[in-house]
Amino acid sequence: SQQGEEDPQALSIQEGENATMNCSYKTSINNLQWYRQNSGRGLVHLILIRSNEREKHSGRLRVTLDTSKKSSSLLITASRAADTASYFCATNTGANSKLTFGKGITLSVRP
Amino acid sequence: DTGVSQDPRHKITKRGQNVTFRCDPISEHNRLYWYRQTLGQGPEFLTYFQNEAQLEKSRLLSDRFSAERPKGSFSTLEIQRTEQGDSAMYLCASSSWTGNTEAFFGQGTRLTVV
């Protein structure tokens with residue numbers, strides 16, 4: 001079963017605009033990770049936020065975590081055409097730290 | 001620093017044949033995971049190894065599937081008597097022993113059963 005649910009399912013923006021993607025989950029987590037996947041390729045790790053953290057930054061990425069609402073958001077600032085991809089949130093749970101993914105968000109950045 | 005490596009990248013097989021995939025994790029990582037991803041879906045957990053011990057298996061892992069990590073380094077995933085429903089991307093990931101860290105994925109093996 002998939003714990004994470006991303007929102008929206010698809011997002012189309014103009015180059016230079018910001019993209020905000022949301023993720024909700026159901027159970028308590030160790031951490032939450034965001035990944036990018038280009039068509040037919042593997043997953044590229046973007047950023048990890050632990051359950052005791054509220055916000056993290058990495059380059060043009062900003063992720064927030066609200067454990068009381070069981071939700072996270074990923075902001076990509078000043079988007080580029082190369083950001084076009086599918087984005088997944090994944091929750092790390094349990095002693096084995098397995099990841100549970102949502103269905104993903106398809107981001108299209110128009111040049 | 002080499003990342004997670006998977007081989008082959010693509011595999012086309014006839015229904016009923018056996019296939020085996022290999023994953024080489026990041027060398028210092030003792031945790032290794034297999035996931036399966038079908039079109040339009042996120043990856044789904046299949047199984048987890050800590051060193052050579054297989055500690056968790058998903059219900060998705062039918063008895064036609066077997067995974068090994070014999071020396072705690074590389075891992076193999078074998079599917080026996082493949083079915084068309086096995087067509088998917090098989091992804092391997094590794095992470096360090098602490099668990100509460102990033103998991104890094106390989107490029108995956110795309111399996112097509114015809």
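So, here is what we can say about the structure in this document. (Residues numbered from 1 in each chain as written. Chains lettered and ligands numbered in written order. Predicted model: local features only at pLDDT ≥ 70, side-chain atom pairs only at ≥ 80, totals over all residues. Heavy atoms only, no water.)

### Things to note about the interface of chain B and chain A
For step 1, the next point in the chain: Counting residues at the interface gives 26 residues for chain B, matched by 23 residues for chain A.
For step 2, the next point in the chain: Between chain B and chain A, roughly 2000 Å² of surface is buried when both sides are summed, and carbon and sulfur atoms account for 44% of that area.
For step 3, the next point in the chain: Interface area lost by chain B to chain A is led by P43, N100 and F105 of chain B, which between them contribute 24%.
For step 4, the next point in the chain: We note a salt bridge from K98 of chain A to E56 of chain B, for which the minimum N-O separation is 2.6 Å.
For step 5, the next point in the chain: In this assembly, chain B and chain A are joined by 12 residue pairs in polar contact (both at pLDDT 80 or more).
For step 6, the next point in the chain: Within the residue set of the side of chain B that touches chain A, elements represented by two or more residues are β4 (31–37), β5 (44–50), β6 (53–57), β9 (88–95) and β10 (104–105) of chain B. (Contact = heavy atoms within 4.5 Å. Buried area = accessible area lost by both parts, 1.4 Å probe. Salt bridge = Lys/Arg side-chain N within 4 Å of Asp/Glu carboxyl O. Polar contact = N/O pair within 3.5 Å; in protein donor to acceptor, adjacent residues only side chain to side chain. Helix = DSSP H or I, 4+ residues; strand = E, 2+ residues; numbered from the N terminus.)

### So, the nonpolar core
For step 1, the next point in the chain: Membership of the largest hydrophobic core comes to 23 residues, with the highest contact counts inside it found for M21, L32, W34, L74, I76, Y87 and L107 of chain A.
For step 2, the next point in the chain: Apart from residues no more than four positions distant in its own chain, L32 of chain A is found in contact with C23, Y25, I47, L48, I49, L65, S72, C89, A90 and T91 of chain A.
For step 3, the next point in the chain: The next biggest cluster of nonpolar side chains, apart from the first, holds 19 residues, and it includes C23, L32, L46 and V113 of chain B. (Core = buried A, V, L, I, M, F, W, Y, C linked by side-chain atoms within 4.5 Å. Buried < 20%, exposed > 50% of the residue type's maximum accessible area, 1.4 Å probe, protein only.)

### As for the pattern of salt bridges
Close approach of charged atoms allows side chains with opposite charge to pair.
Residue and element names in this part refer to chain B.
For step 1, the next point in the chain: As enumerated under the stated definition, the model contains six salt bridges over all chains in all.
For step 2, the next point in the chain: Here R22 makes a salt bridge to D24, at a shortest N to O gap of 2.7 Å.
For step 3, the next point in the chain: Residue classification places R22 among the partly exposed positions, given a relative accessible area of 34%.
For step 4, the next point in the chain: When salt bridges that share partners are traced, they join R64, E83 and D86 into one network.

### Comments concerning the side chain of D86 of chain B
Residue and element names in this part refer to chain B.
For step 1, the next point in the chain: One can find D86 in the loop between β8 (75–79) and β9.
For step 2, the next point in the chain: A relative accessible area of 3% places D86 in the buried class.
For step 3, the next point in the chain: With sequence-adjacent residues up to four places away left out, D86 is seen in contact with R64, F65, I79, L111 and V113.

### As for the pairing of strand β3 (residues 19–24) of chain B
Residue and element names in this part refer to chain B.
For step 1, the next point in the chain: Of the two faces of β3, only the one carrying V19, F21 and C23 is buried; T20, R22 and D24 on the other face are not.
For step 2, the next point in the chain: Direction of pairing for strand β1 (residues 5–7) relative to β3: antiparallel, over a ladder of three bridges. Each bridged residue has a counterpart across the sheet, and for D7 the counterpart in β3 is R22.
For step 3, the next point in the chain: Both β3 and β8 contribute to a ladder of five bridges, which runs antiparallel. Counted as the bridge partner of T20 is E78 from β8. (Pairing = 2+ DSSP bridges.)

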